[in-house]
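A look at the structure
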Amino acid sequence: MPPGGAPCIAAGSFSSDFDLTQPELLDLLAFAAEVKRRPALYRSALKNRILSLLFEKPSLRTRITFEVAAKQLGGDSIQSIGPIGGREPVKDVARNLSRWTDLIVARTFKQKTVDDLARWSGRPVINALSDLYHPCQALADMLTLKEHWGGWHGHKLAFVGDGNNVAHSLMLDCARLGADIAVITPPKYEPNEGILGQARGFAQRNGCTIQVTNDLAEGLSNADAVYTDVWASMGQEHEAFDRARLFAPYQVNIELMKLAAPGALFLHCLPAHREEEVTDAVIESKTSVVFDQAENRLHVQKALLVTLLAE
Ligand code: CP
Ligand code: NVA
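Residues numbered from 1 in each chain as written. Chains lettered and ligands numbered in written order. Predicted model: local features only at pLDDT ≥ 70, side-chain atom pairs only at ≥ 80, totals over all residues. Heavy atoms only, no water.

Before going further, it helps to spend a moment on the site of ligand 1. In the vicinity of ligand 1, the contacting residues are Ser 59, Leu 60, Arg 61, Thr 62, Arg 107, His 134, Gln 137, Cys 269, Leu 270 and Arg 297. Separating a nitrogen atom of ligand 1 from a side-chain N or O atom of Gln 137 is a distance of 3.0 Å. With the chains in place, 96% of the 260 Å² that ligand 1 exposes on its own is no longer accessible. At a threshold of 2 Å from the grid points, most atoms of ligand 1 map onto the largest pocket. When the residues that make up the shell around ligand 1 are grouped by side-chain class, the tally is 3 nonpolar, 4 polar and 3 charged. (Near = heavy atom within 4 Å. Polar contact = N/O pair within 3.5 Å; in protein donor to acceptor, adjacent residues only side chain to side chain. Areas by Shrake-Rupley, 256 points an atom, 1.4 Å probe, with all protein chains shown as cover. 1 Å grid on protein atoms, 1.4 Å probe; cavity = no way out; pocket = protein on both sides within 12 Å on 5 of 7 lines; lining within 4 Å. Sits in = over half its atoms within 2 Å of the grid points. Nonpolar A, V, L, I, M, F, W, Y, C, P; charged D, E, K, R; others polar.)

This part covers the sheet that holds strand 3 (residues 103-107). If you trace the 4 strands from one edge of the open sheet to the other, you get 2-1-3-4, paired in parallel fashion. At either end of the open sheet lies a strand with only one pairing partner, and these are strand 2 (76-81) and strand 4 (125-127). Strand-to-strand twist in this sheet, taken as the mean axis angle between neighbours without regard to direction, amounts to 20°. Here strand 1 (residues 50-55) runs beside strand 3; their pairing, made up of 5 bridges, is parallel. Along strand 3, the bridge assignment pairs Leu 54 with Ala 106. With respect to the sheet, helix 4 (residues 111-121) is in contact with strand 1, strand 3 and strand 4, its orientation differing from that of strand 4 by roughly 170°. (Pairing = 2+ DSSP bridges. Helix = DSSP H or I, 4+ residues; strand = E, 2+ residues; numbered from the N terminus. Axes fitted to C-alpha atoms, helices over the stretch in contact; angles between N-to-C directions. Contact = heavy atoms within 4.5 Å.)

Looking now at the packing of helix 1 (residues 22-37) against helix 6 (residues 165-177). How two helices sit against one another is set out by the angle between their axes and by the gap between those axes. Axis separation between helix 1 and helix 6 bottoms out at 10 Å; the angle between their running directions is 95°. Judged on the interaxial angle alone, helix 6 and helix 1 are roughly perpendicular. Where helix 1 approaches helix 6, its residues Gln 22, Leu 25, Leu 26 and Leu 29 are matched on the opposing element by Asp 173, Arg 176 and Leu 177. Of the residues that constitute the contact of helix 1 with helix 6, the class distribution is 4 nonpolar, 1 polar and 2 charged. (Parallel < 35°, antiparallel > 145°, perpendicular 65-115°, else oblique.)

Taking 1.5 Å per residue as the helical rise, helix 2 (residues 61-72) with its 12 residues ought to reach 16 Å, and the 16 Å between its terminal C-alpha atoms agrees with that figure. Within helix 2 the residues assigned to the buried category are Arg 61, Thr 62, Thr 65, Phe 66, Glu 67, Ala 69 and Ala 70. The secondary structure elements touched by the buried residues of helix 2 are strand 1, strand 2, strand 3, strand 4, helix 5 (135-149) and helix 12 (290-308). (Expected span 1.5 Å × (residues − 1). Buried < 20%, exposed > 50% of the residue type's maximum accessible area, 1.4 Å probe, protein only.)

Right, let's talk about the environment of Leu 298 for a bit. You can see Leu 298 is positioned in helix 12. By relative accessible area, which is 15% here, Leu 298 ends up buried. When neighbours within four sequence positions are excluded, Leu 298 is seen to be in contact with Thr 65, Val 68, Ala 69 and Gln 72.

So yeah, pure geometry; function would need other evidence.
As structure tokens, then:
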């Protein structure tokens, strides 16, 4: 057991948000706050451990924070950038890596690739973004919201834009931590029905709500945080032109922020396309916490690594 006592993740991996039970999610976020407060205690927590970082898509925050996390915890990492499972089946990639390294972090086009790595590697696997989820991002966001709100219950996050991977992970985490969430999208860009159904189940048990709407005023009403993401995600660049027209009314600008509660926070996972999904005035405003989110990627991922690799 590392110093400070890491919590436990029974699933042994973090291939999607579903790998954490509600108590595990709460424990992990509390542990992340502790790792952030007292980093020196965890300097050797990953001694002699090596991470495989596999990226099928570009990354700044995720790639660098995992590298920094491994080094600050006394371990190391190696990277592979490019398709996973192109030269050989994913199950063979998984079984090779597991002979050399202790944990796999993977950013993939398809969730199935992450699931297959977890199934075949016999090592912990962390989802670093797939088509369906961005669970490490949501952990950082929930920690950031708690730091600014003081807690999650009785607060409301409004996600404006595409019902995408980031929206899915936020819905699942808000629903389990007791925050209300509204997902406001153009018609036909609502979140995945199956994931929404599961998030609604969590919300019902935790006494909070999930609103999915195309109506900005309805969704933003009483929101004390507003979140947006790019309109065309990585791999959807060919749709960017059409999406720009459909999403234009959903740009997060000063007028849109007025529909939320006064002083509402602004969040974005980054990278941001300024003057598309968000104006420069909003992202640079005093209620913008986008760099707190980026910083917290490091702390939550350190907590996750220590937890998944705890003896
Ligand atoms: N937010 C996020 O995941 O950023 P990167 O794509 O730069 O990793
Ligand atoms: N939805 C975006 C998030 C980037 C961090 C994408 O998948 O490209």
